[in-house]
Amino acid sequence: MKTALTIAGSDSSGGAGIQADIKTTTANGVFAMSAVTALTAQNTTGVTDIFETTPKFLSEQLDAVFTDIYPDAVKIGMVSSAELIATISERLRFYKAKHIVVDPVMVATSGAKLLRDDAVAALTAELLPLAEVLTPNIPEAEILAGMTITDAADMEAAARIISEKYGCAVLCKGGHQINDADDLLWQGGTGKWFRGKRIHNPNTHGTGCTLSSAIASNLAKGYDLDTSVERAKAYISGALAAMLDLGKGSGPMDHMFELKGEFVQ
């Protein structure tokens, strides 16, 4: 069985963060491991508190994983401090980690800024250059490219700038009133559009975590990046189309919509 490591924060309500990553990885047939960057008290209506892991303990978690079950892919989600980013970068370089997918969690869908300025600087200087692919949403792509994005042509320009700047592929995620869930993958100097049909489901908690984890899972299984993105988009469409409805706010998707067998009954 192939393996994948998620480095991210914990979501106590189970819809995003490492909980979403572990469910996604498992649903995609890959063994999931985790290194927790922070504990959060959150649910479908918002985050009420964050308890950050120390750099030393995060380093210990990474050592424990890499020295025993070496991951075939690594997904990195929310990391809120420059010190933790430095720890992750140093350990991934030390262990020569492969197939690194970075979801640069900088701006919430609501537009709220999630990272301090020093953490943004550390993320761009130390972590992004290690990535095989970045998966920014529109507001994050605007920050990374230093430009405003209002249409598909802007998405292409921003993705090219980010790819050239950090030397990696970029999956610029659509939505945000730009298009109908179409994503753009830019790699090797060319762009490829992955068309998606918008699913009218208000419960989208954890979509970014889920998509990046699904890409990492497919890379772990040996698929190329194009195929990994295509399969990840198909998976997240199925999870949204299952129309799970939990919680009082923007609820989680049904990560296990394809789960079958006697123990499910």
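The preceding data block contains the structure.
Residues numbered from 1 in each chain as written. Predicted model: local features only at pLDDT ≥ 70, side-chain atom pairs only at ≥ 80, totals over all residues. Heavy atoms only, no water.

K.L.:
It is not clear to me how the nonpolar core should be interpreted in this structure. Could you clarify?
P.N.:
If you look at the biggest cluster of nonpolar residues, it comprises 47 residues, and the most contacted ones within it are Leu5, Ile7, Val74, Ile76, Ile88 and Leu92. Apart from residues lying up to four places away in sequence, Leu92 is in contact with Ile7, Phe66, Val74, Ile76, Ala97, Ile100 and Leu130. Val30, Ile215, Ala220 and Ile236 belong to the second largest nonpolar core, which has 23 residues in total. (Core = buried A, V, L, I, M, F, W, Y, C linked by side-chain atoms within 4.5 Å. Buried < 20%, exposed > 50% of the residue type's maximum accessible area, 1.4 Å probe, protein only. Contact = heavy atoms within 4.5 Å.)

K.L.:
Help me understand the packing of helix H7 (residues 207-220) against helix H8 (residues 225-241) in this model?
P.N.:
Axes are the key here: two packed helices are described by the angle between their axes and the distance separating the axes. For the pair H7 and H8, interaxial distance at closest approach is 8 Å and the crossing angle is 135°. The angle between H7 and H8 places the two elements in the oblique class. Relative to H8, H7 is oriented so that their crossing is right-handed. Contacts from Thr207, Thr210, Leu211, Ala214, Ile215, Asn218 and Leu219 in H7 reach Leu225, Ser228, Val229, Arg231, Ala232, Lys233, Tyr235, Ile236 and Leu240 in H8. Tallied by class, residues from the contact of H7 with H8 come to 10 nonpolar, 4 polar and 2 charged. (Axes fitted to C-alpha atoms, helices over the stretch in contact; angles between N-to-C directions. Helix = DSSP H or I, 4+ residues; strand = E, 2+ residues; numbered from the N terminus. Parallel < 35°, antiparallel > 145°, perpendicular 65-115°, else oblique. Left-handed = near helix turned anticlockwise from the far one by under 90°. Nonpolar A, V, L, I, M, F, W, Y, C, P; charged D, E, K, R; others polar.)

K.L.:
In this structure, what is going on with helix H3 (residues 82-94)? I would like to understand it.
P.N.:
Note that an α-helix has 3.6 residues per turn; residues three or four places apart therefore point the same way. Between its first and last C-alpha atoms H3 spans 18 Å; for 13 residues at 1.5 Å apiece the expected length is 18 Å, and the two agree. Every buried residue belonging to H3 is among Ala82, Leu84, Ile85, Thr87, Ile88, Ser89, Arg91 and Leu92, and all of these are buried. In the stretch just after H3, Lys96 is the one whose phi turns positive, near 55°. (Expected span 1.5 Å × (residues − 1).)

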